[in-house]
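Residue-level structure breakdown
Chain by chain, the residues run as shown.
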Amino acid sequence: MTTSTPLVAGDAGRARYTYRLRVSSTARAALLAEWDRCRWIWNECVAKSQQVHLHNRVHPGDKRTCGPAQLDKMLTEARQITPWLRAGSSVPQQQIIRDFGRSRAKALKDIAERLPVRRRAGMPRFKNKDLVHPSLNYTRRGFGIKDGRLHLAGGIVPTVVWSRDLPGEPSSVRVYRDSLGHWYCSFVVPAQVQPLPETGRVIGIDWGVTQTATATSDDHDLPHPEYGKKAQARLGRYDKMMARRKPAKGQPGSQGYRQAKKLRAKQYKKGRPPAGGHRPQVGQTRRARP
């Protein structure tokens, strides 16, 4: 899967290109070990933030801060006294602090602007190992591409499925795992729109149900592949499997329930069945983080 970011014609910016990863057992163990360290650092940042907030409430005359400078200092001290933490790369650990700082700053901004609670980002919370999926960010000094393979800091070398070429030199990469256990890497590369020459011709397209696309020109009509009916039937089948195995409230799901849930998630990821004439969603496009 590849996702890119459309830009305004003539504007230069950055786009994100996502590719599937083939991860060996050795690389998977190394990535999960790196994520355990980063998750520990995130939880330490959350604890530090709560501690500073409580101190400022009890001692209003002695205000303390919990910015990236204080957290970087905390990380440096922790790496000096903790061999387990020092064994990992410092690049993703520093980036997790940057992510925490952006998340906390957004939450404080929403509070200062008195946004409704339902629209606020919320303060960063502790990351539970069983509920949060791994996500590691590497800057340019933490990764490299050699002979078509992705080399991460710490000697981690997963295999990238190059569905298309990168349009430029990547400045950062994010390696993450989705809910189905699939690994992906997302590169941020510079991008610039090259507008096509104007032809003066126009065409109208209607996205329909019986026809995938009906155009003003018969040569451009797209017949419906009938994939939505099959996908909807499979989803209904897995829904029934989950309903029969649904655990009681407060009880963990059985192995059969978890297996049915995973099968449904796999089918749903392939594409949503068309409902009301909408196109099945097979991917997403998003802007790269500045």
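Summarised in this report is the structure supplied together with it. Just so we're clear, the structure is a prediction, and the values are computed from it rather than from any experiment.

With respect to the side chain of Ser-186
Checked against the element boundaries, Ser-186 lands in strand S7 (residues 183-192). Ser-186 sits in the buried class, given a relative accessible area of 0%. In this structure the side chain of Ser-186 is engaged in a polar contact, spanning 3.1 Å, whose partner is the side chain of Arg-16. A distance of 3.4 Å separates polar atoms of two side chains, one belonging to Ser-186 and the other to Thr-18.

As for the nonpolar core
If you look at the biggest cluster of nonpolar residues, it comprises 38 residues, and the most contacted ones within it are Tyr-138, Leu-152, Val-175 and Cys-185. Where this core is concerned, the elements lending two or more residues are strand S1 (12-22), helix H1 (25-58), helix H2 (68-81), helix H4 (90-112), strand S2 (135-139), strand S4 (149-152), strand S6 (172-177) and S7. The element that contributes the greatest number of residues to this core is H1, accounting for 9 residues. Discounting chain neighbours no more than four positions away, the residues touching Tyr-138 are Glu-34, Val-91, Pro-92, Phe-143, Leu-152, Ala-153, Ile-156, Ser-172 and Val-173. Residues Tyr-238, Met-241, Met-242 and Tyr-257 belong to the second largest nonpolar core, which totals 5 residues.

A short note on a nonpolar patch on the surface
On the surface, a cluster of nonpolar side chains totalling about 240 Å² of accessible area is made up of Leu-108, Ile-111 and Met-123. Summarising the element assignment, Met-123 is placed in the loop between H4 and S2.

Comments concerning the packing of aromatic side chains
Counting across every chain of the model gives 7 aromatic pairs. Ring geometry for Trp-42 against Phe-100: centres 5.3 Å apart, planes inclined by 90 degrees, an arrangement best described as edge-to-face. Of the two residues, Trp-42 is situated in helix H1 and Phe-100 in helix H4; the sequence distance between them amounts to 58 residues. Following the ring pairs from residue to residue traces out a cluster consisting of Tyr-19, Phe-143, Trp-162 and Phe-187.

Comments concerning the pattern of salt bridges
Taken as a whole and judged by the stated rule, the model has 7 salt bridges. Here Arg-98 and Asp-72 are joined by a salt bridge, their closest N and O atoms 3.1 Å apart. Pair noted here: Arg-98 is in helix H4 and Asp-72 is in helix H2, with a separation of 26 residues, a long-range link. For Arg-98, a relative accessible area of 31% puts it in the partly exposed group. Here Asp-99 makes a salt bridge to Arg-102, at a shortest N to O gap of 2.6 Å. Taken together, the residues span about one helical turn, with Asp-99 and Arg-102 both in helix H4 at a distance of 3 residues. On the accessibility criterion, Asp-99 (15% relative accessible area) is buried.

Parameters and conventions
Residues numbered from 1 in each chain as written. Predicted model: local features only at pLDDT ≥ 70, side-chain atom pairs only at ≥ 80, totals over all residues. Heavy atoms only, no water. Helix = DSSP H or I, 4+ residues; strand = E, 2+ residues; numbered from the N terminus. Buried < 20%, exposed > 50% of the residue type's maximum accessible area, 1.4 Å probe, protein only. Polar contact = N/O pair within 3.5 Å; in protein donor to acceptor, adjacent residues only side chain to side chain. Core = buried A, V, L, I, M, F, W, Y, C linked by side-chain atoms within 4.5 Å. Contact = heavy atoms within 4.5 Å. Patch = residues over 30% accessible without salt bridge, like charges linked within 9 Å, V, L, I, M, F, W, Y side chains within 5 Å. Areas by Shrake-Rupley, 256 points an atom, 1.4 Å probe, with all protein chains shown as cover. Salt bridge = Lys/Arg side-chain N within 4 Å of Asp/Glu carboxyl O. Phe/Tyr/Trp six-rings, centres within 6.5 Å; stacked < 30°, edge-to-face > 60°.

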